[in-house]
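Understanding the architecture of this molecule
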Amino acid sequence: MEVREYESGKEGITRLILGGVHGNEGRVSKKILEKIAPNPSEGKVVIIPNLNISRRGYISTLDKNYTRSPTGRMHRSVLERYKPDVVVELHAFNSEGYKSLIDKDRMNKKGVPRMVPYREDLPMEDQVLHGGPPPWIKNKFKEHASYITLEVHEDYGKEAEKAFLFVLNAVISSKSVNEIRDRLKGEYQASMKKAGSLLQDYLSRSD
Ligand SMILES: [Zn+2]
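Okay, so let's go over this structure.

Cut-off values and rules
- Residues numbered from 1 in each chain as written.
- Predicted model: local features only at pLDDT ≥ 70, side-chain atom pairs only at ≥ 80, totals over all residues.
- Heavy atoms only, no water.
- Helix = DSSP H or I, 4+ residues; strand = E, 2+ residues; numbered from the N terminus.
- Rg over C-alpha atoms; globule rule 2.2 N^0.38 Å.
- Buried < 20%, exposed > 50% of the residue type's maximum accessible area, 1.4 Å probe, protein only.
- Contact = heavy atoms within 4.5 Å.
- Areas by Shrake-Rupley, 256 points an atom, 1.4 Å probe, with all protein chains shown as cover.
- Lys, Arg positive; Asp, Glu negative; His and termini not counted.
- Charge placed at Lys NZ, Arg CZ, Asp CG, Glu CD.
- Pairing = 2+ DSSP bridges.
- Salt bridge = Lys/Arg side-chain N within 4 Å of Asp/Glu carboxyl O.
- Core = buried A, V, L, I, M, F, W, Y, C linked by side-chain atoms within 4.5 Å.
- Donors = N, O, S within 2.8 Å, 3.2 Å for Na, K, Ca; no water.

1. Some remarks on the overall build of the protein chain
When you go through the protein chain residue by residue, the secondary structure sums to 7 helices and 7 strands. Each helix and strand of the protein chain, placed in order from N terminus to C terminus, yields the pattern β-β-α-β-α-β-α-α-β-β-β-α-α-α. Relative to a compact globule of 207 residues, whose C-alpha radius of gyration would be 17 Å, the protein chain shows 16 Å and is just as compact. Its C-alpha atoms give the protein chain principal-axis dimensions of roughly 45 × 40 × 35 Å. For the protein chain, buried positions account for 52% of its 207 residues. Long-range contacts, defined here as pairs at least 24 residues apart, represent 75% of the contacts in the protein chain between residues at least 6 apart. For the protein chain, the exposed area adds up to about 10400 Å²; of that, 46% sits on carbon and sulfur atoms. For the protein chain, the centre of its 35 positive side-chain charges and the centre of its 29 negative side-chain charges are spaced 3 Å apart.

2. Focus: the pairing of strand β7 (residues 147–153)
Both faces of the sheet carry side chains from a regular strand, because those side chains alternate between them. Across the 7 residues of β7, 7 count as buried, placing the element largely inside the fold. Of the two faces of β7, the one holding Y147, T149, E151 and H153 and the one holding I148, L150 and V152 are both buried throughout. With 7 bridges joining them, strand β4 (residues 86–93) and β7 adopt parallel strand pairing. Bridged to A92 within β7 is V152. Where strand β6 (residues 128–131) meets β7, 4 bridges bridge the pair, whose relative direction is antiparallel. Of the residues in β7, the one forming a bridge with L129 is E151.

3. Quick notes on the pattern of salt bridges
Under the defined criterion, the tally for this structure stands at 14 salt bridges. The partner of E5 in a salt bridge is K44, with the nearest N and O atoms 3.6 Å apart. With E5 in strand β1 (residues 4–7) and K44 in strand β3 (residues 44–48), the pair connects residues that are 39 residues apart, well separated along the chain. Relative accessible area serves as the criterion here: at 37%, E5 is assigned to the partly exposed category. Between R205 and D201 there is a salt bridge, with the nearest N and O atoms lying 3.3 Å from each other. D201 gets classed as partly exposed once you look at its relative accessible area, which sits at 35%. Shared partners join several salt bridges into a network, and the residues in it are R119, D121, E159 and K162.

4. Looking at the nonpolar core
I17, L90, Y118 and L150 are the most contacted members of the largest nonpolar core, which has 33 residues in total. At the level of elements, α1 (25–33), β3, β4, β7, α5 (158–173) and α6 (177–187) are the ones that each hand at least two residues to this core. Not counting residues up to four positions away in its chain, the partners in contact with L150 are V88, E89, L90, H91, Y118, V128, L129, H130, F164 and V167. By size, the runner-up hydrophobic cluster in this structure holds 14 residues, among which are V21, I48, Y66 and L79.

5. Here we look at the coordination of the zinc ion
For the zinc ion, every protein donor is listed as H22 (ND1), E25 (OE), E25 (OE) and H91 (ND1), and the spread of their distances is 2.0 to 2.7 Å. Mapping the donors of the zinc ion onto the primary sequence yields the spacing H-x2-E-x65-H. With a gap of 66 residues between them, E25 in helix α1 and H91 in strand β4 connect regions that are remote in the sequence.

6. A look at the environment of M74
Its place among the elements puts M74 in helix α2 (residues 70–82). Taking the C-alpha atoms as reference, M74 lies 7.2 Å from L51; in sequence the two are 23 residues apart. Residues contacting M74, with those up to four places away along its chain left out, are M1, L51 and I53.

This is how it looks when you write it as structure tokens:
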């Protein structure tokens, strides 16, 4: 498995960016990761472009058997190894999958809140959806923006790319989770507020 580590040489937060969790999502993460300069001024950045090295069938990170799957075990072990302060999971959806990601009833159906577009005024291909941690790790990442799950369309457009890069750059160049959250709020205030309240409700559930 390819792991890229970028050390600033100064103390600071560790950011872990995970791509290719499912099937061919690696293709989409690779494209976007080529456009970032992962050079933090403090702390470090760890990038794993393709977590799903087994290339076995699709298993959702929300599935209760996920952490027993090869990808899930790898996912857990990189979290234990790097002890990141911030995690970003990169995913790609297709047109059929979009509805279930933003479904208002997603909490009941999947055990996680619906994902929220940073900008909902744009067409689906130009949206970036964001959410929090999967259930099996949610108690370790309670701060909003400490675990950012991102979804873009597999054939994403220019506006989606812009938002995607904005978020990744905020994660890489900020010095704390607070700073990341503030920068995201500065750009996407309404969306961050909505996601923050969905996250609070999700974290308060004990299941
Ligand atoms: Zn995925």
